[in-house]
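A closer look at the structure
Next come the chains, spelled out residue by residue.
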Amino acid sequence: MNKQSLCGIVLALVAVMTLVAPASATPPTDVNGTYSVSESTLDYMEWQPAGNNCMLECGFTYPFEGDLAGEATFHYSIMVHGPCTAEVPPPQGMYYATLKAWGTFTGEVVGESGTFTFTYQGREWPYGQPGDLALLARIVILSGTEELEGLHGVLDVTYMVGDSFDTYSGQIHFDPE
């Protein structure tokens, strides 16, 4: 192949690449707000001893405020790093715990309505007085429906002793249509 043929092929490829622009997601949007721990609803709770730990399965529904307005149901699997019995769950805030959950949010996200699914991972630990705790977690938005179709994002969650709510902040974006 000579230089002239190679140059022609490269120019043709460059022309095709400029005509076919890659699709990209919308720019990230900052979001923040709270979800109420004190106004949550306990949907179910089960626990069982796991050696010196306790495995807790529970579901809660929380009202969200801020850039996410609606409610979300969380289905938790929590490993509490402390003992329990088959009859008595572990006391909250006394031991370190690893939290994993999945769930569904229904409501509005920055003015767009629909439902999205998410995962949740976090850790809580004793903080301050016996029974008090602190928490750091992350919500990953997986997919949405209706006006939230193509929604993705990551939200960092914090909770400190004395708050009646968890605080979230992060970024979201929509996939191209």
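If you're wondering where the values come from, they're calculated on a predicted model, not measured in any experiment.

Our focus in this paragraph is the overall build of the protein. Regarding its fold elements, the protein presents one helix and nine strands. Put simply, the protein runs from its N terminus to its C terminus through helices and strands in the order α-β-β-β-β-β-β-β-β-β. For the protein, with 177 residues in total, the buried portion stands at 31%. Long-range pairs, those at least 24 residues apart, make up 52% of the contacts in the protein between residues at least 6 apart in sequence. About 10,500 Å² of surface is accessible on the protein, with carbon and sulfur atoms providing 58% of the total.

All right, on to the nonpolar core then. Residues Phe64, Leu68, Phe74, Tyr76, Phe116 and Tyr120 are the most contacted members of the largest nonpolar core, which totals 36 residues. Elements with a minimum of two residues in this core: β1 (29-36), β3 (53-66), β4 (68-80), β5 (97-109), β6 (112-126), β7 (133-144), β8 (151-159) and β9 (165-174). If sequence neighbours within four positions are ignored, phenylalanine 116 has contacts with Leu68, Gly103, Thr104, Phe105, Val109, Ile141, Ser143, Gly144, Leu148 and Leu151.

Right, let's get into the confidence of the model for the protein. Of the residues in the protein, 86% reach a pLDDT of 70 or more, and the chain-wide mean stands at 87. Across the protein, β5 holds the top mean pLDDT of 97, while helix α1 (residues 3-19) sits lowest at 49. Predicted confidence is poor over residues 10-22, with pLDDT under 50, and the contacts of this stretch with residues over four places away or in other chains come to zero contacts.

All right, on to the packing of aromatic side chains then. For the structure shown, the criterion picks out 14 aromatic pairs. For the pair phenylalanine 74 and tyrosine 120, a centre-to-centre distance of 5.4 Å together with 85° between the ring planes defines the contact as edge-to-face. Of this pair, phenylalanine 74 sits in strand β4 while tyrosine 120 sits in strand β6, and the two are 46 residues apart along the sequence. Geometrically, the ring pair formed by tyrosine 76 and tyrosine 120 is edge-to-face, given 5.6 Å between the ring centres and 90° between the ring planes. Placement of tyrosine 76 in strand β4 and of tyrosine 120 in strand β6 is noted, with a sequence separation of 44 residues between them. Accessibility expressed as a relative area gives 4% for tyrosine 76, which makes it buried.

So, how was this worked out
Residues numbered from 1 in each chain as written. Predicted model: local features only at pLDDT ≥ 70, side-chain atom pairs only at ≥ 80, totals over all residues. Heavy atoms only, no water. Helix = DSSP H or I, 4+ residues; strand = E, 2+ residues; numbered from the N terminus. Buried < 20%, exposed > 50% of the residue type's maximum accessible area, 1.4 Å probe, protein only. Contact = heavy atoms within 4.5 Å. Areas by Shrake-Rupley, 256 points an atom, 1.4 Å probe, with all protein chains shown as cover. Core = buried A, V, L, I, M, F, W, Y, C linked by side-chain atoms within 4.5 Å. pLDDT = per-residue confidence, 0-100. Phe/Tyr/Trp six-rings, centres within 6.5 Å; stacked < 30°, edge-to-face > 60°.

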